[in-house]
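# Fold and contact review
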Amino acid sequence: MKKCFISLAGLQRWLNVLIDTQKHLYAPVNKGAKVDFGRVASADEIVFDHIQTTQSAKSVAFPRTDVLFSYEKEKGKVQLENADLTAYPETVVFGLHPCDAAGFNPLGAIFNWDYKDELYNARMERTVVITLACTKADEYCFCTSVNGGPGNTVGSDIQLTPVKDGFLAEILTEKGEALVKADEAAFEADRGDVKEKYLVKLPEKFDIKTVQEKLQTAFESPIWKAQSQRCIGCGACAYVCPTCACFDIQEDAHGTKGKRLRCWDSCGFALFTLHTSGHNPRQTQAQRWRQRLLHKFSYMPDRLSVRGCTGCGRCSRACPVDMNIAEHLRSI
Amino acid sequence: MEDVLIEKKPAIAGNSFSGELQKTANELLQSGEVELFIGYEEGTRFPRPCFIASTDEVGKLIFDDRCTGNLAVYLTRKDLIGDKKVGITASYFALRSILRLLTEHQIQLDKLVVLTVSAEKEVIRFATTDDITAYLQTAPIPVREDDKALIEKLNAMSREERWEFWSAELSKCFKCYACRAACPMCYCTKCIVEENRPQWIQPWASTLANIEWHINRAMHMTGRCADCGACGAACPLGLPIHLLSHQIVQEVTDNFALDVNQAVSGDNALSTFKPEDKENFIK
Amino acid sequence: MGRLGGALMSEFEPKIVAFVCNWCTYAGADLTGTSRIKYASNVKIVRFPCTGRIDFMLLLKAFAEGADGIIVSGCHPNDCHYTSGNFHARRRWVIFRGLLNFMGIDVNRIQFSWVSAAEGAKWADVVNGTVTTIRELGPYTEYRKAADYLVQQDKSIIDGQEALIKSVSSL
Ligand code: SF4
Ligand code: SF4
Ligand code: SF4
Ligand code: SF4
């Protein structure tokens, strides 16, 4: 790992060089009253002073709508064409927080669990992650309760920490180093800034070990019904989550040709588990809420050795009825 | 319009109206008149819905100007309510939705105790639908200044600009269906977007598929929407989709002279007609 | 209008889809033909039992699949074969048209009309009038662009797949 200093002007110049070299740069930008990731044409569009973007950055590797393959039927023959993975653009995501970068861990684990998902992996290979350590947090953030932290470097290729007059840059991977080379002059010698001094202090909201232990025997607990009463069963929490990976397969058919698509889905929807027979193994919202929490905090740690939550707090910010996940975990 | 059936309980000085509401809820639960009380409690940033089944919990009940949501959405939730007798604190718009749900035979008044807190901070209990209608016609309609400004802006735009605006906004929609889930009128067990024989609306998120979804959702609100704005408030991306529902309310009022507050009189906008209905675009 | 403009205009042959009811307008269009009244050939007629059956989604699908203009036509008020189908349809059109206009979808591209079985000449009029209007308005590419479902996300994060889509959709 190499440490450098970079000024805001230097940073913008470097990012603009990256854009000029045909890289797709995604960063937080203003979208109406909200801040969300968007493709930027110039570094000065980037927003720095928000707490959290509405959506996570997962869509760089797991877009909301993705083509798996296309097909065409001609004279009794069917032609199949897989998605051209080599056509995916070189991508840089800038300005995501450590909790988002950490999200690529569980996401990658899911997409490589039994089957190696080529689409996800091809996109990730072409993606460089530049995180911005957090100097601010709000009442929804709880990364420190799930083994993360405002300066956590897991999943980052480069991490920047806002310090006096600029940023402390930690170049963490080879991918990161390669990106720095695009405009090495923008990076100055490390000034010896102490990273921890600038990071926000975020006290733990619950003890994750205790929560996970309790969940082992909580399947039949009445708590799910009690907690889930106000949940209205939308997909907001799952769609903004950096680790939620459920998808649906759909068909965009036009006569004799079409495309097969993968699109986001959510375990919160009543139809998610509905069988063709009409039977639904998760009939109530309580069962669906239980699935959400157990999947993230019990099944995933058990099977994939990775937790399905990075403490970004997005689900709780996005929820129309304030299902605050940290609060619910604490009350288990 | 004075109505004797409305019991007015003036707030006791030095006691908040939340206290008054808690007292009422307590009485209802204690007497067994209701088994479940749906109201608001303090949330992380804003009040949030809460469900109270025992008198020990009434202490968390609140109701104030921030409680603008539409709790009527829970009244059709069979897994929550079952056959229970339910009490509810309804905001102005939730009262409209309750009238509408009654018209559509989705709820029964004899299993429901409807309360509201007036602008004068009085807890009001409604005995009949006429009481609700009367209240709606005299109580001030809560205004949303931001919406008013945006509507004016949109109406001043050219058609091309409006298309630009809506196609850009709706292209962001990722089809989480929070707007649908938050709407008391979207109680269908299978929504049009989930219909796949034929597949009317492409179920994935993309500009036209999103536009078609929102046209359908808005059209289904014809004569039913309470104009509560809960759909837009629920949207995690902050898309102003409640303005589409609002436009529908506007069209219904302007063209068919139907009053949203009279919903219970049985007038349905699209399943009825008048031979003398006016239009100016049919050749 | 310059020469080029005129040339382009005359090159553009609008695609128009007409959704009509079986009992009045369809019969009326038939009469137009048997009376040998000349009218534009740009219209594809889709026949329905009644205007009440014409779902608004059909109109949207027609635009998405390439129509530049749409005609919706049925029996005059009080003449509906099923008594009130057209009255119901009229209400739906009022709302639908208002909503589309609010969303900036071009309602001038949809012509609603009442054409009875005896009004062969009126049908020719409606069609010719619509063709002229649409010719002036030009092709409805604006709407179809939105239908091209994966090329549109210019500003959004998912346009990482734009290149891919182009390669796939060039099939
Ligand atoms: S927890 Fe909130 S965001 Fe998630 S499904 Fe329930 S209501 Fe929707
Ligand atoms: S459509 Fe929106 S504004 Fe209308 S009743 Fe439903 S939630 Fe309220
Ligand atoms: S959008 Fe229409 S079909 Fe879907 S739930 Fe709402 S009313 Fe029902
Ligand atoms: S809540 Fe917003 S993002 Fe979700 S489906 Fe509705 S408009 Fe789209």
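Just so it is clear, the structure is predicted and the values come from calculations on it, not from any experiment.

Another aspect to go through is the nonpolar core. In this structure, F104 of chain A together with L75, I98 and I215 of chain B are the most contacted members of the largest nonpolar core, which totals 180 residues. For I98 of chain B, the contacting residues outside a window of four places in its chain are A72, L75, I88, A90, I107, L112 and V114 of chain B.

All right, on to the domain arrangement of chain B then. All names here are of chain B. Domain parsing of chain B yields domain 1 (2-138) and domain 2 (145-255). Distance between the C-alpha centres of domain 1 and domain 2: 28 Å. If you look at the interface, domain 1 gives 11 residues, while domain 2 gives 12 residues. A combined buried area of about 970 Å² lies between domain 1 and domain 2, and 61% of that area is made up of carbon and sulfur atoms. Looking only at domain 1, the three residues that lose the most surface to domain 2 are V73, R100 and E104, adding up to 39% of its buried area. Connecting domain 1 to domain 2 are 1 salt bridge. A salt bridge links E104 to R224; the shortest N-O distance between them is 2.8 Å. Where domain 1 touches domain 2, the interface holds 4 residue pairs in polar contact (both at pLDDT 80 or more).

Residues and elements named next belong to chain C. Following both chains from N to C, one finds helix α2 (residues 25-34) and helix α5 (residues 120-137) inclined at 95°, their axes separated by 7 Å at the closest point. One element, α2, and the other, α5, form an angle in the roughly perpendicular class. For the pair α2 and α5, the contacting residues are T25, G28, A29, L31 and T32 in the first and G120, W123 and A124 in the second.

To continue, consider the confidence of the model for chain C. Put simply, chain C has an average pLDDT of 84, and 80% of its residues get 70 or more. With pTM at 0.91, the complex prediction returns an ipTM value of 0.92.

Residue and element names in this part refer to chain A. When strand β2 (residues 24-31) meets strand β3 (residues 34-39), the two strands line up antiparallel, connected through 6 bridges. From the neighbouring strand, Y26 faces β3, where its bridge partner is R39. Hairpin connection, β2 to β3: the antiparallel pair is bridged by 2 residues, and G32 has positive phi, about 60°.

All right, on to the environment of P222 of chain A then. Residue and element names in this part refer to chain A. If you trace the backbone, P222 turns up in the loop between α6 (208-216) and α7 (223-228). Of the residues examined, P222 reaches a relative accessible area of 66% and is grouped as exposed. Considering only alpha carbons, one finds P222 and A286, 64 residues apart in sequence, at a separation of 9.2 Å.

For the rest of this paragraph, the subject is the interface of chain B and chain A. Accessible area lost on assembly of the parts is the figure often given for the size of an interface. At the interface, 35 residues of chain B touch 37 residues of chain A. There are 16 residue pairs in polar contact (both at pLDDT 80 or more) connecting chain B and chain A. Those elements that provide at least two residues to the side of chain B that touches chain A are β3 (48-52), α2 (78-81) and α7 (178-182) of chain B. Split into classes, the residues belonging to the side of chain B that touches chain A amount to 18 nonpolar, 9 polar and 8 charged.

Cut-offs and rules
- Residues numbered from 1 in each chain as written.
- Chains lettered and ligands numbered in written order.
- Predicted model: local features only at pLDDT ≥ 70, side-chain atom pairs only at ≥ 80, totals over all residues.
- Heavy atoms only, no water.
- Core = buried A, V, L, I, M, F, W, Y, C linked by side-chain atoms within 4.5 Å.
- Buried < 20%, exposed > 50% of the residue type's maximum accessible area, 1.4 Å probe, protein only.
- Contact = heavy atoms within 4.5 Å.
- Domains from an automatic or database assignment.
- Buried area = accessible area lost by both parts, 1.4 Å probe.
- Salt bridge = Lys/Arg side-chain N within 4 Å of Asp/Glu carboxyl O.
- Polar contact = N/O pair within 3.5 Å; in protein donor to acceptor, adjacent residues only side chain to side chain.
- Axes fitted to C-alpha atoms, helices over the stretch in contact; angles between N-to-C directions.
- Helix = DSSP H or I, 4+ residues; strand = E, 2+ residues; numbered from the N terminus.
- Parallel < 35°, antiparallel > 145°, perpendicular 65-115°, else oblique.
- pLDDT = per-residue confidence, 0-100.
- Pairing = 2+ DSSP bridges.
- Nonpolar A, V, L, I, M, F, W, Y, C, P; charged D, E, K, R; others polar.

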